[in-house]
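Commentary on secondary and tertiary structure
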Amino acid sequence: MSDPTSTWLPRPSLRFVAVWRRNLLVWRKLLVPSMLGNFGEPILYLLAFGYGFGRLVGDLDGMSYMVFIASGIICSSAMFTASFEGMYSAYTRMAEQNTWLGMLATPLTLDDIVFAEAIWAASKGLISAITILVVASVLGLVSDARALLALPVIFLAAFTFGALALVITALARSYDFFLYYFTLAVTPMLLLSGVFFPLQELPDWVQTLALALPLAHVVEIVRPLMTGSWPTSIWPHLVVIVGYGAAAIILATALIRRRLLR
Amino acid sequence: MGKARGKGMVGISQTPGPPLSAIRIQQLCKTYDGVAVVDGVDLEIASGEFFGLLGPNGAGKTTTLRMLLGMTPIDGGHVEVLGLPMPEGEREVRKRLGIVPQFDTLDPDFTVIENMRTYAAYFGLAGATVQARIDHLLGQVNLNDKRGARINALSGGMKRRLTLARALINEPEVVVLDEPTTGLDPQARHHLWRQLRQLRASGVTLVLTTHYMEEAQELCDRIAIIDHGRIIACDRPGRLIAEHIEPWVLTVGGPEAGTAIEQEIGHRDRAHQVADTWLVYTAEPDRLRERLRARGLEPTLREADLEDVFLKLTGHELRD
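A brief look at the structure comes next. Each chain has its residues counted from 1, following the order in which its sequence is written. Note on labels: chains are lettered from A, ligands numbered from 1, in written order. In view of the model being predicted, local features appear only for residues whose pLDDT reaches at least 70, and side-chain atom pairs are presented and counted only at 80 or more, with totals across whole chains, interfaces and linings using the full set of residues.

1. Some details on the overall build of chain A
In this text, helices come from DSSP runs of H or I with a minimum length of four residues, and strands from runs of E with a minimum of two, each type numbered from the N-terminal end. Within chain A one finds 10 helices and two strands. The order of helices and strands in chain A, counted from the N terminus, is α-α-β-β-α-α-α-α-α-α-α-α. A globule of 262 residues ought to have a C-alpha radius of gyration of about 18 Å, and chain A, at 19 Å, matches this closely. Backbone-placed C-beta atoms define the burial measure: a residue is buried with 20 or more other C-beta atoms within 10 Å of its own, exposed with 12 or fewer, and partly exposed in between. A total of 262 residues make up chain A; the buried ones form 48% of that total. Contact criterion: two residues are in contact if their C-beta atoms, reconstructed from the backbone, are within 7 Å. For chain A, contacts bridging at least 24 residues in sequence account for 81% of all contacts bridging at least 6. Computation of the radius of gyration draws on C-alpha atoms alone. For the globule rule, the value is 2.2 Å times the number of residues to the power 0.38.

As structure tokens, then:
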């Protein structure tokens, strides 16, 4: 109370690991259905679009359409996985199961819990990215070790998407509320960020809009790394991703504090 | 932990030990939307005491507890737990506190034993010592044969017992229980009472809110009655009864009871109608009882208890 900065700047401690581990243990119990979701959907997209469209499209930016789309789907899949975790799963723990209230009876603080949830969402985004990377490698769509460098970028991006989802969770009164965010933010990002076709194909104003959102910047860094080259620029993109992530985690923590600790 | 507690018990001399007050609250205030829910509460709970906080729904019990635990921002006043100011000391305080919340916060994704282990991990506790402590606690609350059970498969009483066992994982110096026996059957309640008395005997400070007056009377060394955010009485249960209410209560029912009482009641007696029953609080029950019997009524006599004090101080109207 006495220090005004302490009320808005989250100060998580290393104790957050215990919360992250709790989520990991639950996930491990549901490993099979969970991994099926992680593998299944993006691979269906990859195969359906890749083979289906690939014939029609031919090469794009000097690579086969399959390679192009694989490097996009690895980004969008991380976004979806982290968003789902930060919304449906986190909301369940917050509002349905009172898991967070239980944690608040221990030395864990709200800052620890919200940070842990964002890191956990990032971890799940990373897991989905790794599965896609494995499948893409098996299909011969990845041939360069630089692809591994995409993983830390994806982890960072998934943290951002997880934290953004937690902002929505903080405001949600029911699960239905999440549809707004999916319809107004996630789906537009998926379609307009260069995942399925190059951003340059779109009108200028749409490109500007897309670049105001984080996913396009993730694709800009990850696609070159996945396809055996270096990104032309990294820092401008990273600044956007980190900026969104930092703002989102601060806002999510403040909003969830207002909601639970009133 | 045991050591620190022991020192507290003998440390009444000048030796610098743990603070003698486990909890100290001064002029505590909380306002929601312009309504003062807690309105200048002063409270001091001694180390090793079993303290009860009673009050009607919405009186400010839970809000007071939440501020004590650092789970609600304090609008005004000062709270110290185990000598540490709140909310600044929340992390340190909660390391040494056990909390049994009003609503179930057990983790339904885990079994009984996993709940205990996960909760221990939140305190940074792991390894063989904790495992031994978990075994001991589950034994104490009779849940050893439910170790592998899912939470949804437990009865209400079992869940409460598990919640208590979980709250003791860190060998707390203070245990705070918010309506721990609400919704339990009598067997489960008595079992829980036994656990709480054992804790009390081992030197743990206990703070309890409850709606059950006989529970508070049975368990607590001292009781505060809180209403409209203020403490309106605070003392030992026996002293509260002696101080605030006539020692005897005559209960009379029936359509004629009202007029009969009106005519026969002594000028120092108090009568109160609850639904179709009349309660007469009196110091001299024999004379009145005889007179009512003479009118063909069948009054029953009992000693006044804490519930009578509570109803006198907080009123008989319904609270929602």
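Right, picking up where we left off after that structure.
2. Comments concerning the overall build of chain B
The helix and strand tally for chain B stands at 12 helices and 14 strands. Across the 320 residues that make up chain B, the buried fraction comes to 41%. Within chain B, counting contacts between residues at least 6 apart in sequence, those at least 24 apart form 68% of the total.

3. Quick word on the sheet that holds strand β13 (residues 277-282) of chain B
Residue and element names in this part refer to chain B. Strand pairing follows a simple DSSP-based rule, namely that at least 2 bridges must link the two strands. Strand order in this open sheet of four strands is β12-β13-β11-β14, and the pairing throughout is antiparallel. In this open sheet, the two strands that pair with only one neighbour each are β12 (270-274) and β14 (300-303). Averaged over all neighbouring strand pairs, the angle between strand axes comes to 25°, with direction disregarded. Two elements, strand β11 (residues 248-253) and β14, share four bridges in a ladder whose sense is antiparallel. Bridging from a neighbouring strand, Leu250 pairs with Leu301 of β14. Axes, fitted as lines to C-alpha atoms, cover a helix only where it is in contact. Angles between the N-to-C directions of the axes lie from 0 to 180 degrees. The strands touched by helix α10 (residues 257-264) are β11, β12 and β13; relative to β13, the strand with the most contacts, the crossing angle is about 20°.

4. Let's talk about unusual backbone geometry
Residues and elements named next belong to chain B. Geometrically, the link from Met86 to Pro87 is a cis peptide bond, its omega value of 5° lying close to zero. For Leu82, which is not a glycine, the phi torsion comes out positive at approximately 50°. With respect to the helices, strands and loops of the structure, Leu82 is situated in the loop between β4 (76-81) and β5 (84-86). Even without glycine at this site, Glu179 takes up a positive phi of about 45°.

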